[in-house]
Amino acid sequence: MASSTSLPAPRSRSRKPLSKMTDWLRQALSRKPERTSESAESSPGATSRPASQDGLPAKGISSVGSPGTPLTPGYGSNGRWGKDYDVCVCHSEEDLGAAQALVSHLEGSAASLRCFLQLRDAAPGGAIASELCQALSRSHCRVLLITPGFLRDPWCRYQMLQALAEAPGAEGRTIPLLSGLARADYPPELRFMYYVDGRGPDGGFHQVQEAVLRYLKTLP
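Residues numbered from 1 in each chain as written. Predicted model: local features only at pLDDT ≥ 70, side-chain atom pairs only at ≥ 80, totals over all residues. Heavy atoms only, no water.

Within an unreviewed UniProt entry, the label attached to the chain reads TIR domain containing adaptor protein, and the organism entered is Otolemur garnettii.

So, in structure tokens, the structure goes:
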């Protein structure tokens, strides 16, 4: 009798630890998905992702410029991209060096102005007059580099008249840059508009840049 009654006691004691262990394992397994989701939400990597995403648009805007350079706020309106160039530089052949220096200044500015320089950007095989007329119509502004060589060259006079035909009024689109000439030598066709004096330390390049940017700001 003693041996028969003592058998159930060990069985009941062995079942309780097993049942407790299985319950604990079930609870632990059921909690693991919740803990991993909470840890993923609270991890430093998860919180840093929105910050990096917020920073991407600013980097994208600064890297998408007209010729691969950043844009200046206020000069990237849709109206600006309606034309292929911001500036068409008209000059005589003997003033090519000065024209290249002006273009380098404008293209290297913070606004990354897009310039047309005929000997550099004209299509090979294209008619010279046609290329000039297309460049003028595809540019917002045109700069006339007026020098003694410009006044002697009949081709430069043609460029000037074509530029005036594209924008008969002043409108800020035609920007004369007077260099190496007195005021009395200023072409009579341009007497109704102000010019940039090229006798400054930078040859008037900064004033030309500001005039172009001033016009671009008026675009819708």
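So, on to the overall build of the chain. Along its length, the chain carries 9 helices and 5 strands. The order of helices and strands in the chain, counted from the N terminus, is α-α-α-β-α-β-α-α-β-α-α-β-β-α. Burial statistics for the chain: of 220 residues in total, 33% are counted as buried. Of the contacts formed within the chain by residues at least 6 apart in sequence, a portion of 70% connects residues at least 24 apart. When the accessible area of the chain is evaluated, it comes to approximately 13,200 Å², of which 58% is carbon and sulfur surface. (Helix = DSSP H or I, 4+ residues; strand = E, 2+ residues; numbered from the N terminus. Buried < 20%, exposed > 50% of the residue type's maximum accessible area, 1.4 Å probe, protein only. Contact = heavy atoms within 4.5 Å. Areas by Shrake-Rupley, 256 points an atom, 1.4 Å probe, with all protein chains shown as cover.)

Attention shifts here to the sheet that holds strand β1 (residues 85-90). Pairing in this open sheet of 5 strands is parallel, and the strands run β2-β1-β3-β4-β5 from one edge to the other. Taken across any chain shown, the strands that pair with only one partner, and hence form the sheet edges, are β2 (115-117) and β5 (196-197). Sheet analysis places strand β3 (residues 139-146) next to strand β4 (residues 174-178), joined by 5 bridges and oriented parallel. Bridge assignment links Leu144 to a residue of β4, and that residue is Pro176. Lying over the sheet, helix α8 (residues 154-166) contacts β1, β3 and β4, oriented at roughly 150 degrees with respect to β3. (Pairing = 2+ DSSP bridges. Axes fitted to C-alpha atoms, helices over the stretch in contact; angles between N-to-C directions.)

Across the interface, helix α6 (residues 128-137) lies against α8 with an axial gap of 10 Å and an inter-helix angle of 35 degrees. At the point where α6 passes α8, the crossing takes the right-handed sense. Where α6 abuts α8, its residues Ile128, Ala129, Leu132, Cys133, Leu136 and Ser137 lie against Trp155, Tyr158, Gln159, Gln162, Ala163 and Glu166. (Left-handed = near helix turned anticlockwise from the far one by under 90°.)

So, on to α8. Spanning 13 residues, α8 covers 19 Å between terminal C-alpha atoms, matching the ideal 18 Å at 1.5 Å per step. Looking only at α8, the buried set comprises Cys156, Gln159, Met160, Ala163 and Leu164. The buried side chains of α8 occupy one side of the element, clustering within an arc of 130 degrees when seen end-on. Seen from the open side of α8, the exposed residues pointing more than 90 degrees away from its buried face are Pro154 and Ala165. On its buried face, α8 sits against β1, α5 (118-121), α6, β3, α7 (148-152) and β4. Structurally, the start of α8 carries an N-cap: the backbone nitrogen of Trp155 is 2.9 Å from a side-chain oxygen of Asp153. (Expected span 1.5 Å × (residues − 1). Arc of directions from axis to C-beta. Polar contact = N/O pair within 3.5 Å; in protein donor to acceptor, adjacent residues only side chain to side chain.)

Of all residues in the chain, 65% attain a pLDDT of 70 or more, and the chain-wide mean is 77. The model gives residues 32-73 a pLDDT under 50, and that stretch makes 26 contacts with residues more than four places away or in other chains. (pLDDT = per-residue confidence, 0-100.)

What describes a pair of aromatic rings is the distance from one ring centre to the other and the angle between the planes of the rings. Scanning the model with the defined rule gives 3 aromatic pairs in all. Centroid distance Tyr85 to Phe116: 5.3 Å. Interplanar angle 70 degrees. Geometry classified as edge-to-face. With Tyr85 in strand β1 and Phe116 in strand β2, this residue pair connects regions lying 31 residues apart in the sequence. Of the two residues, Tyr85 and Phe116, neither departs from the other in class, the shared state being buried. Their ring planes at 45 degrees and their centres at 4.7 Å tell us that Tyr186 and Tyr195 sit as a pair that is tilted. (Phe/Tyr/Trp six-rings, centres within 6.5 Å; stacked < 30°, edge-to-face > 60°.)

Moving on, we come to the packing of helix α4 (residues 96-107) against helix α9 (residues 205-217). In a packed pair of helices, the relevant descriptors are the angle between the two axes and the axis-to-axis distance. Look at α4 against α9: their axes get within 10 Å of each other, and the N-to-C directions meet at 55 degrees. By the angle class used here, α4 and α9 are oblique. Helix-helix and strand crossings are classified by hand; for α4 and α9 the assignment is right-handed. Of the residues in α9, those in contact with Ala98, Ala101, Leu102, His105 and Leu106 of α4 are Phe205, His206, Val208 and Gln209. Looking at the contact of α4 with α9 residue by residue, the class counts come to 6 nonpolar, 3 polar and no charged. (Parallel < 35°, antiparallel > 145°, perpendicular 65-115°, else oblique. Nonpolar A, V, L, I, M, F, W, Y, C, P; charged D, E, K, R; others polar.)

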